[in-house]
Amino acid sequence: MTTAVTTPATGGNGARSAVAASARKLVKAYGSGETRVVALDHVDVEIARGAFTAIMGPSGSGKSTLMHCLAGLDSVTEGEVRVGGQEITRLKEKKLTRLRRDRIGFIFQAFNLLPTLDALENITLPMDIAGRKPDKAWLENVIATVNLEGRLKHRPSELSGGQQQRVAVARALAARPEIIFADEPTGNLDSRSGAEMLRFLRRSVDELGQTIVMVTHDPVAAAYSDRVLYLADGRIVDEMDSPTAEAVLDRMLRLAEDVPGADGTHGSAS
Ligand SMILES: Nc1ncnc2c1ncn2[C@@H]1O[C@H](COP(=O)(O)OP(=O)(O)OP(=O)(O)O)[C@@H](O)[C@H]1O
Ligand SMILES: [Mg+2]
């Protein structure tokens, strides 16, 4: 698919392209010389607007790095990243900060909550910084969905890991950004809270046209998405539309069998 993207999306109800974010020939390398690590190796990807995309792959395959680069949180070594049609890799820090603040929600693998703020203040922080008033009904809906009504006055240190994660998720959802990137948003939740969270993410895509990109290691979580991208060694090695948990698990097992660099399609696993 080579959709030309020229109209920058505004975050309002204006004209929007079908692609929310994309990367072309994206390379991200850390360090230099002997310690150089190529975390992303010429990745081409298009994230469909209004869709729920899952990113899977082994630990260290570049999932978090890809999300950070697509969200303008990390510089790139080579290649191009677009958000709503706008090339962001050469943006000056100030513009990039504004783009992140106004158009992107990020749920970090480590939640990145501010320790001195209580849960509610953490949730509304991005909007407070942007000088925007939260939509009260929506905020209440988000807080109820993540089940935090009774914990809004607690600071992160007074919350369990799962509760902190739910605060991080609520923070990303509260401002209704153009794209939400979620790095293992259910990693610290029990299965019931996790399922509730995933249903909520799914609903925000179906009913509000939210765009979500989620990293997960869990085939059941991936099955909530519209499309799964598989990363290995910094490359997208496979993808699957309309995934089911069984199909994702099956694909994961087969990809795990593949010996990197081998010519055949399968490794030596019996
Ligand atoms: N700041 C950094 N400096 C050096 N190397 C890094 C840095 N951040 C990530 N890497 C390396 O880049 C590669 C990709 O890391 P990344 O965090 O994207 O993996 P991941 O797929 O998210 O893994 P996980 O599932 O464990 O979270 C890894 O080999 C990692 O060691
Ligand atoms: Mg990661």
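Residues numbered from 1 in each chain as written. Chains lettered and ligands numbered in written order. Predicted model: local features only at pLDDT ≥ 70, side-chain atom pairs only at ≥ 80, totals over all residues. Heavy atoms only, no water.

Q: So, the site of ligand 1: which residues are in play, and what are the values?
A: Neighbouring ligand 1 are 13 residues; Ser59, Gly60, Lys63, Ser64 and Thr65 lie closest to it. Take Gly60: an N or O atom from its main chain is 2.8 Å from an oxygen atom of ligand 1. At a separation of 3.0 Å, an oxygen atom of ligand 1 approaches a polar backbone atom of Gly62. Against a free-state accessible area of 640 Å², the protein chains account for coverage of 61% of ligand 1. Secondary-structure elements contributing two or more residues to the shell around ligand 1 are strand S2 (37–48) and helix H1 (63–70). No other element matches the 3 residues that H1 contributes to the shell around ligand 1. Along the lines of polarity and charge, the residues of the shell around ligand 1 split into 4 nonpolar, 8 polar and 1 charged. (Near = heavy atom within 4 Å. Polar contact = N/O pair within 3.5 Å; in protein donor to acceptor, adjacent residues only side chain to side chain. Areas by Shrake-Rupley, 256 points an atom, 1.4 Å probe, with all protein chains shown as cover. Helix = DSSP H or I, 4+ residues; strand = E, 2+ residues; numbered from the N terminus. Nonpolar A, V, L, I, M, F, W, Y, C, P; charged D, E, K, R; others polar.)

Q: Could you give an account of the sheet that holds strand S4 (residues 78–83), with specific residues and numbers?
A: The antiparallel open sheet is built from 4 strands, whose spatial order is S2-S1-S4-S5. Looking at strand neighbours, the two that pair on one side only are S2 and strand S5 (86–87), the edges of this open sheet. (Pairing = 2+ DSSP bridges.)

Q: If you had to explain the pattern of salt bridges to someone new, which residues and values would you point to?
A: Per the stated rule, a full pass over the model turns up 19 salt bridges. For the salt bridge of Arg227 with Glu239, the shortest nitrogen-to-oxygen distance reads 2.9 Å. A residue pair is termed long-range when its members are at least 10 positions apart, and Arg227 in strand S9 (residues 227–232) and Glu239 in strand S10 (residues 235–241) qualify at 12 residues. Judged by its relative accessible area of 39%, Glu239 is partly exposed. Salt bridges linked by common partners bring Arg49, Arg103 and Glu178 together as one network. (Salt bridge = Lys/Arg side-chain N within 4 Å of Asp/Glu carboxyl O. Buried < 20%, exposed > 50% of the residue type's maximum accessible area, 1.4 Å probe, protein only.)

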